[in-house]
Amino acid sequence: MMKSSQENWFTEVFGNEGTAFGLAVTEKLHQEQTRYQYLEVYQTRTFGKLMVLDGCVMLTERDNFLYHEMMSHPALFTHPEPRRVAIIGGGDCGTLREVLKHPGVEKCTQIDIDERVTWASEKWFPELCDANHDPRAELLFDDGIAWVRNAAPGSLDVIIIDSTDPVGPAEGLFAVDFYKDCRKALKPEGILVQQSESPLLHADTIIKKIHQDMKAAGFQQCHTLPFPQPVYPTGWWSCTMASPQGSVTRFRDDDSAAKSFATRYYNVDIHRGALAVPEFMKVALGK
Ligand code: SAM
């Protein structure tokens, strides 16, 4: 076992949960206070580059595919024919890249409040930004809450909320008024998907509230899909999908099985498995 007291560690402490996650880092590549948050980029010893916002791990080169694929492909293979997609947040552009792998998508608008996150991603994580110059991509830097409020009713097929935790500028992205605006902007068979934190830590708090708020906003079905994400608290994360009138538990499994693009985690069986509800979550969510 390798041990070095000389080594520098980036450590994110989850005080309330009494846990911490650490990565050995070899270099700090960037730091700045943006208008909205404190942005850092590190070189780690074993996880590639690491992006941090306000002390919270956003992504590493090594494992971001798990999150980005699960934030996009289940929603896009659930919608019958996704053409118009909006990503709220997502400034690292990894979700945008996955969305634009779907040849039927005609336009994907990404609205992140902080231009510096995309700047840092283009500089330090260029592989995530492969699709930034796709003619179907539109990158806007604005408050996602206001953007959705002003979106034309029924203009979107899929909205992906790829946000930071529900504090600071992202707090309003976990709120019933915002979900109401999302429902208005979506077509009736549209799909909303939100990163919904850790099943182990947040099933009966944040995830339960997301379900209640989405229902209160007029979404008839919602369903939480857990997936692994080693660099987030507990290593186990989730997204929650909802639809005003469509199903979120049935998906285009034939299309998923015959997908025309490469993924590293997502496939039709992973999608099916992610729809299974762990026993404790049935209790927490009253399913
Ligand atoms: N995967 C990450 C996670 O779960 O921790 C999220 C990554 S993505 C970088 C989160 C983005 O949400 C950030 O770039 C942040 O600027 C953006 N964001 C936070 N609040 C926002 C808002 N109100 N409107 C638009 N973007 C917002």
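Refer to the preceding data block for the structure.
Let me sum up the structure you'll find in this document. (Residues numbered from 1 in each chain as written. Predicted model: local features only at pLDDT ≥ 70, side-chain atom pairs only at ≥ 80, totals over all residues. Heavy atoms only, no water.)

**Observations regarding the environment of Ala-185**
The criterion, for reference: Numbering goes from the N terminus for both helices and strands, where a helix is a DSSP run of H or I of at least four residues and a strand is a run of E of at least two. By the convention used here, residues are in contact when the closest approach between their heavy atoms is within 4.5 Å.
Here Ala-185 shows up in helix α5 (residues 176-185). For the pair Ala-185 and Arg-149, spaced 36 residues apart in sequence, the C-alpha separation works out to 7.9 Å. Residues in contact with Ala-185, not counting those within four places in the same chain, are Val-148, Ala-151, Ala-152, Pro-153, Gly-154, Ser-155, Leu-156 and Ile-159.

**Description of the site of the ligand**
The cut-off we apply is this: Near, as used in this document, describes a residue that has one of its heavy atoms within 4 Å of the molecule or strand being considered. In protein, a polar contact requires one atom able to donate a hydrogen and another able to accept it; more generally it is a pair of N or O atoms within 3.5 Å, and residues adjacent in sequence count only if both atoms are side-chain atoms. By the convention adopted, Pro, Cys, Tyr, Trp, Phe, Met, Ile, Leu, Val and Ala count as nonpolar, Lys, Arg, Asp and Glu as charged, and the other residues, Gly among them, as polar. Note that domain bounds follow an automatic or database assignment of domains.
Near the ligand you find 24 residues, and of these Gln-37, Asp-112, Gly-144, Pro-169 and Tyr-232 are the closest. Within the contact set of the ligand, a nitrogen atom lies 2.9 Å away from a backbone nitrogen or oxygen of Pro-169. In the model, a nitrogen atom of the ligand is placed 2.5 Å from a nitrogen or oxygen of the Tyr-232 side chain. Looking at the shell around the ligand, its residues break down into 10 nonpolar, eight polar and six charged. Two domains share the shell around the ligand, each providing at least three of its residues, namely domain 1 (2-60) and domain 2 (64-285).

**A closer look at empty space enclosed by the protein**
Selection rule: Whether a set of points on the 1 Å grid over the protein atoms alone is a cavity depends on a 1.4 Å probe fitting there but being unable to get out, while an open set qualifies as a pocket with protein on both sides within 12 Å along at least five of seven lines; lining residues are those with an atom within 4 Å of a point. Grid points are joined across faces, edges and corners, and a volume is the space filled by probe spheres set on the points.
Under the definition given, this model contains two cavities of 30 Å³ or more. Of the volumes computed, that of the largest cavity is approximately 480 Å³. What lines the largest cavity is a set of 37 residues, among which Leu-53, Met-58, Asp-162, Ser-163 and Thr-164 lie closest to the centre. For the lining of the largest cavity, the residue count by class is 19 nonpolar, 11 polar and seven charged. Two domains share the lining of the largest cavity, each providing at least three of its residues, namely domain 1 (2-60) and domain 2 (64-285). Considering only enclosed or pocket space, the second largest cavity measures out at about 30 Å³ in volume. As for the second largest cavity, its lining consists of His-223, Thr-224, Val-277, Met-281, Leu-285 and Lys-287. Broken down by secondary-structure element, the contributors of at least two residues to the lining of the second largest cavity are β11 (221-228) and α9 (279-285). Here the residues of the lining of the second largest cavity are counted per class, giving three nonpolar, two polar and one charged.

**A word on the pattern of salt bridges**
Oppositely charged side chains are able to pair whenever their charged atoms sit close together. Threshold: Each reported salt bridge corresponds to a side-chain nitrogen of Lys or Arg within 4 Å of a carboxyl oxygen of Asp or Glu. Burial classification: accessible surface area is computed with a 1.4 Å probe over protein chains only, and a residue below 20% of its type maximum counts as buried, one above 50% as exposed, and the rest as partly exposed.
The tally for this structure, following the rule as stated, stands at 15 salt bridges. With its nearest N and O atoms 2.4 Å apart, the salt bridge here joins Arg-45 to Glu-7. Note that Arg-45 is positioned in the loop between β3 (38-44) and β4 (49-53) and Glu-7 in the segment before β1 (8-14), a separation of 38 residues in sequence. When its relative accessible area of 17% is taken as the criterion, Glu-7 is described as buried. A salt bridge links Lys-187 to Asp-157; its shortest N-O distance comes to 3.2 Å. A residue pair is termed long-range when its members are at least 10 positions apart, and Lys-187 in strand β10 (residues 186-195) and Asp-157 in strand β9 (residues 156-162) qualify at 30 residues. Classification of Lys-187 as partly exposed rests on a relative accessible area of 27%. A cluster of three or more residues bridged by salt bridges with shared partners is formed by Glu-81, Arg-83 and Glu-106.

**Quick word on the sheet that holds strand β2 (residues 19-33)**
To be explicit about the condition: Paired strands are those between which DSSP finds at least two bridges. For helices, the fitted line uses only the C-alpha atoms of the stretch in contact; every axis is such a line through C-alpha atoms, and the angle between N-to-C directions lies from 0 to 180 degrees.
In space, the five strands of this open sheet follow the order β1-β2-β3-β4-β5, with antiparallel pairing throughout. Only two strands of the sheet have a single neighbouring strand rather than two, namely β1 and β5 (56-60). Ignoring strand direction, the axes of neighbouring strands in this sheet form an average angle of 45 degrees. Pairing of β4 with β5, which is carried by four bridges, proceeds in the antiparallel orientation. Opposite Leu-50, over in β5, you have Thr-60 as the bridge partner.

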